[in-house]
There are 2 protein chains.
Amino acid sequence: MQHQVQFQRLYYRSRKFAYRVEALKLPNGAEGEYAYIEHPGAGVVVPIAPDGRFVLVRQYRFAVGAYLLEFPAGTLEPGEDPDRTIARELEEETGYHAQQWQYLGAFFLCPGYSTEKIHAYLARNLTVLAVRPEGDEDEDLETVLYDRDQLEALLSGADPNALLDAKSIAAYHLAQRHL
Amino acid sequence: MQHQVQFQRLYYRSRKFAYRVEALKLPNGAEGEYAYIEHPGAGVVVPIAPDGRFVLVRQYRFAVGAYLLEFPAGTLEPGEDPDRTIARELEEETGYHAQQWQYLGAFFLCPGYSTEKIHAYLARNLTVLAVRPEGDEDEDLETVLYDRDQLEALLSGADPNALLDAKSIAAYHLAQRHL
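Model, not experiment: these values are computed from the prediction. The numbers attached to residues start from 1 for each chain and follow its sequence in the written order. To read the labels, note that chains go from A and ligands from 1, taken in the order they are written. Side-chain atom pairs in this predicted model are given and counted only at pLDDT of 80 or more, local residue features only at pLDDT of at least 70, and totals for whole chains, interfaces and linings cover all residues.

A. Quick look at the sheet that holds strand 4 (residues 42-47) of chain A. Residue and element names in this part refer to chain A. Criterion used throughout: strands pair if DSSP finds at least two bridges between them. Here a strand is any run of E in DSSP of at least two residues, a helix any run of H or I of at least four, and the numbering for each starts at the N terminus. Within the open sheet, the 4 strands sit side by side as 7-4-9-8. Their pairing is mixed. Across the chains shown, the open sheet's two edge strands, defined by having one partner strand only, are strand 7 (73-75) and strand 8 (96-108). Looking at each pair of strands side by side, their axes are set apart by 25° on average, direction ignored. In this structure, strand 8 lies alongside strand 9 (residues 117-128), joined through 11 bridges in antiparallel fashion. Within strand 9, the residue paired with Tyr 96 across the bridge is Val 128. In the packing of helix 1 (residues 82-94) onto the sheet, the strands contacted are strand 4, strand 7, strand 8 and strand 9, and the crossing angle to strand 4 comes to about 55°. What counts as an axis is a line fitted to C-alpha atoms, over the stretch in contact for a helix, and the angles between N-to-C directions run from 0 to 180 degrees. Two residues qualify as being in contact provided that their C-beta atoms, derived from the backbone, are within 7 Å of each other.

B. Fine view of the relation of the copies chain B and chain A. Here chain B sits on chain A after a turn of 180° about the axis and a move of 0.0 Å along it, with an RMSD of 0.0 Å. In symmetry terms, the pair is related by a two-fold rotation axis. If distances are taken from each C-alpha of chain B to the rotation axis, the shortest is found for B:Ala170, at 2.5 Å. Of the residues that chain B buries at the interface, 100% are likewise interface residues in chain A, meaning the two copies contact each other through the same surface. Each copy is superposed on the other by least squares, with the fit set by C-alpha atoms of residues at a pLDDT of at least 70 in both.

C. Fine view of the packing of helix 3 (residues 166-175) of chain A against helix 3 (residues 166-175) of chain B. Viewed as axis vectors pointing N to C, helix 3 of chain A and helix 3 of chain B meet at an angle of 70°, and their least axial separation amounts to 8 Å. Our classification of the angle between helix 3 of chain A and helix 3 of chain B gives roughly perpendicular. The handedness of the crossing between helix 3 of chain A and helix 3 of chain B is left-handed. Each of A:Ala166, A:Lys167, A:Ile169, A:Ala170 and A:His173 in helix 3 of chain A lies in contact with helix 3 of chain B, whose residues at this interface are B:Ala166, B:Lys167, B:Ile169, B:Ala170 and B:His173. Residue classes follow a fixed rule: Ala, Val, Leu, Ile, Met, Phe, Trp, Tyr, Cys and Pro count as nonpolar, while Asp, Glu, Lys and Arg count as charged, and any other residue, Gly among them, counts as polar. When the residues that make up the contact of helix 3 of chain A with helix 3 of chain B are grouped by side-chain class, the tally is 6 nonpolar, 2 polar and 2 charged. When describing relative orientation, an angle under 35 degrees is termed roughly parallel and one over 145 degrees roughly antiparallel, while 65 to 115 degrees is termed roughly perpendicular and anything else oblique. Put simply, a crossing is left-handed when the front helix is turned counterclockwise from the back one by less than a right angle, and right-handed when it is turned clockwise.

Without other data, these values stay purely geometric and don't point to any function.
Okay, structure coming up:
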């Protein structure tokens, strides 16, 4: 951290993150009021089913008012290791358990106004759980399987009507050199 | 929009976006309080200099307390077309004017808690402006040129110490089929 916090103007805690407004002095000397989301971080996974298809989830995103097709992901619980978070989220969101995990790297999701750092993984050797664990009660999820050509067409940007998200494109980009 | 807003609990406007907390009823019937950033949208550009190198900006991101290397990007002014936003931001952030623009597609940046949609572009035929326009006074920017091998190494996730951001990885991914 290379800036000074001068005072806090607003603090609001929601379920998964907090919203902060602070007066800051930046390293270049600029002073002002800055607003941002304080987020515990997250995990995202590119899961490959035994038949070679990729596992995605179609879910309603209230912020954008639409159903998006994304890789499974979830927010870290306080003090939780991202390896554990993402294994749990894969099971809750898709009903798959993965036996082989590979860490792909991390990226900031929207560093202009959020502290969120996402850890990305590749998962293989998936098996279907006999009993699917319960996830967040308000999650409205459907598992969708895409083969590699379908996935690459989706994430290429070629379809102007596709509703894409940065995390899923970035995670697939990091996975590419391991496929 | 497929959800109902039941009531608004908090509304806070910062310089570039607003923070909203609302009671919602989702399409699956779940009701609850949801917090999100209401954002006007943004543009990002993958600019290629005449020598074939890619133009990036190194900038301080107070939310993550670090300098990140990203593609030039900026927030839409109210009513502004993203084509205009991104041409302006490229000039302000790097001092380059681009004569050839290609639209790459759009993606949501963090649909879990922000309405932000980013429009991505590829820019070629860059010329250096004689006079660089003034940008936001608090921006602390340095232009950095990377050749394709350096850029691909950076965005591959291979260096665990690299500080990456989702928008830059995603924009490069969308640019790949045009390079």
